[in-house]
Amino acid sequence: MNSTTLEGGKIASGENTRFIILISCVATIGGFLFGFDSGVINGTVDGLKQTFQSSSAGIGFEVASMLLGCAVGAFFAGRLADRWGRRAVLIISAVLFLLSAIGAGAAHSSLVFIAARVLGGFAVGAASVMSPAYIAEVASARYRGRLATVQQIAIISGLFCAFLSNYLLAKAAGASTEALWLGHAAWRWMFWMQAVPSAVFLLLLLFIPESPRYLVVKGRTAAAREVLTRLYGATEAATKLGEIEASLSADQHRPKLSDLINKTTGKIRPIVWIGIGL
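Here's the deal with the nonpolar core
Line of reasoning, step 1. Core analysis: the biggest nonpolar cluster contains 42 residues, and Ile20, Ile23, Tyr134, Phe201, Leu205 and Leu231 have the highest contact counts within it.
Line of reasoning, step 2. Residues Leu48, Ile59, Ala162 and Leu180 belong to the second largest nonpolar core, which totals 23 residues.

The following block contains the structure:
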């Protein structure tokens, strides 16, 4: 039986395909929350206007404030993940998603609301970087691209669920500004609904392993071997560990902005323009 034959959810070589897919799907919940957090604000604008008595400019900033945190979260996520670990940064983002959902729904001033949304932005930025990075570092090369694509599907699913949740809550109350459960307006419950997937994300992250690549970088070879054995089996784990060590020893280059320029032509690399275009 060759190494690509499926047998009870595992590859004959010992690869635990079901486990790899499972932990990858856990990571993609970060993408779902990315979409939900981005979409939920659309149904709450009337409630924000009525509650905070904000001007048009104020409403605009309240709605867009998440993007400030998103930029900061995306910028620092990679550095923090190199220091604390991919799993640790995902756990932090899950906590921030949860705090943001609770805080935004409970806010009784524009300032508190903006602070809660910025926290959510930190989580969105970090999750948008770390979820696909984690998947890339635990998944086998032959289906890594497909699992990474699930992250994009999760983002769209999060947007859809946010719009659907907003619609159902507004319909149940009569309007987003009307009281729903426990005397709180429907628009507050729109934010609080995000606490459910956030709590699930946080709980499930406690049961997934750290990225083996990160463990090797930190010199925790025994722990990396243990994780790789769970993912690929004892025989393949030794091979994968050697591949990670070889790639790290070969790549000692510290990334710089000048890397975006092709040193031969002196022009910005075409892949950069493709990324900007997309």
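Let's pick the thread back up.
Brief notes about the confidence of the model for the chain
Line of reasoning, step 1. Mean pLDDT over the chain: 86, with 93% of residues reaching 70 or higher.
Line of reasoning, step 2. Of all secondary-structure elements in the chain, the lowest mean pLDDT belongs to strand β1 (residues 6-7), at 42, while helix α8 (residues 195-205) reaches the highest, 95.
Line of reasoning, step 3. Across residues 1-12 the pLDDT falls below 50, and counting only partners more than four positions away or on other chains, this stretch makes 23 contacts in the model.

Structural notes on the pattern of salt bridges
Should their charged atoms come close, side chains of opposite charge can pair.
Line of reasoning, step 1. Per the counting criterion, the structure on display carries 3 salt bridges.
Line of reasoning, step 2. With its nearest N and O atoms 3.0 Å apart, the salt bridge here joins Arg86 to Glu137. Separated by 51 residues along the polypeptide, Arg86 in helix α4 (residues 86-106) and Glu137 in helix α5 (residues 110-138) bring together distant segments of the chain.
Line of reasoning, step 3. Note on Glu137: relative accessible area 21%, which makes it partly exposed.
Line of reasoning, step 4. Through salt bridges with shared partners, one network takes in Asp82, Arg86 and Glu137.

Thoughts on the packing of aromatic side chains
Line of reasoning, step 1. Following the criterion strictly, the structure yields 8 aromatic pairs and no others.
Line of reasoning, step 2. Centre to centre, the rings of Phe52 and Phe113 are 5.9 Å apart; their planes meet at 50 degrees, and the pair counts as tilted. You can see Phe52 sitting in helix α2 (residues 45-52) and its partner Phe113 sitting in helix α5, a full 61 residues away along the chain. Take Phe52 and Phe113: they sit in the same class, and that class is buried.

Here's the deal with the packing of α4 against α8
Line of reasoning, step 1. One can describe the packing of α4 onto α8 by two numbers: an axis separation of 9 Å at closest approach and a directional angle of 160 degrees. It follows from the interaxial angle that α4 and α8 lie roughly antiparallel. The handedness of the crossing between α4 and α8 is left-handed. Contacts between α4 and α8 involve Arg87, Leu90, Ile91, Ser93, Ala94, Val95, Phe97, Leu98, Ala101 and Ile102 from the former and Ala195, Ser198, Ala199, Phe201, Leu202 and Leu205 from the latter.
Line of reasoning, step 2. The residue inventory of the contact of α4 with α8, partitioned by class, reads 13 nonpolar, 2 polar and 1 charged.

Examining α2
Line of reasoning, step 1. Those residues of α2 that fall on the buried side of the exposure criterion are Gly47, Leu48 and Phe52. Buried residues in α2, looked at end-on, bunch into an arc of 100 degrees, giving them a common side.
Line of reasoning, step 2. Two residues or fewer past α2, Gln53 is found with a positive phi of approximately 50 degrees.

Section: the environment of Ala154
Line of reasoning, step 1. Locating Ala154 in the fold gives a position in helix α6 (residues 141-173).
Line of reasoning, step 2. Residues Ala154 and Gly30, 124 residues apart in the sequence, show an inter-C-alpha distance of 8.2 Å.
Line of reasoning, step 3. If sequence neighbours within four positions are ignored, Ala154 has contacts with Thr28, Gly31 and Phe32.

Digging into the packing of helix α3 (residues 56-84) against α5
Line of reasoning, step 1. At a closest axis distance of 5 Å, the pairing of α3 and α5 adopts a crossing angle of 40 degrees. Comparing the axis directions of α3 and α5 gives the class oblique. Handedness of the crossing formed by α3 with α5: right-handed.

Criteria and cut-off values
- Residues numbered from 1 in each chain as written.
- Predicted model: local features only at pLDDT ≥ 70, side-chain atom pairs only at ≥ 80, totals over all residues.
- Heavy atoms only, no water.
- Core = buried A, V, L, I, M, F, W, Y, C linked by side-chain atoms within 4.5 Å.
- Buried < 20%, exposed > 50% of the residue type's maximum accessible area, 1.4 Å probe, protein only.
- pLDDT = per-residue confidence, 0-100.
- Helix = DSSP H or I, 4+ residues; strand = E, 2+ residues; numbered from the N terminus.
- Contact = heavy atoms within 4.5 Å.
- Salt bridge = Lys/Arg side-chain N within 4 Å of Asp/Glu carboxyl O.
- Phe/Tyr/Trp six-rings, centres within 6.5 Å; stacked < 30°, edge-to-face > 60°.
- Axes fitted to C-alpha atoms, helices over the stretch in contact; angles between N-to-C directions.
- Parallel < 35°, antiparallel > 145°, perpendicular 65-115°, else oblique.
- Left-handed = near helix turned anticlockwise from the far one by under 90°.
- Nonpolar A, V, L, I, M, F, W, Y, C, P; charged D, E, K, R; others polar.
- Arc of directions from axis to C-beta.

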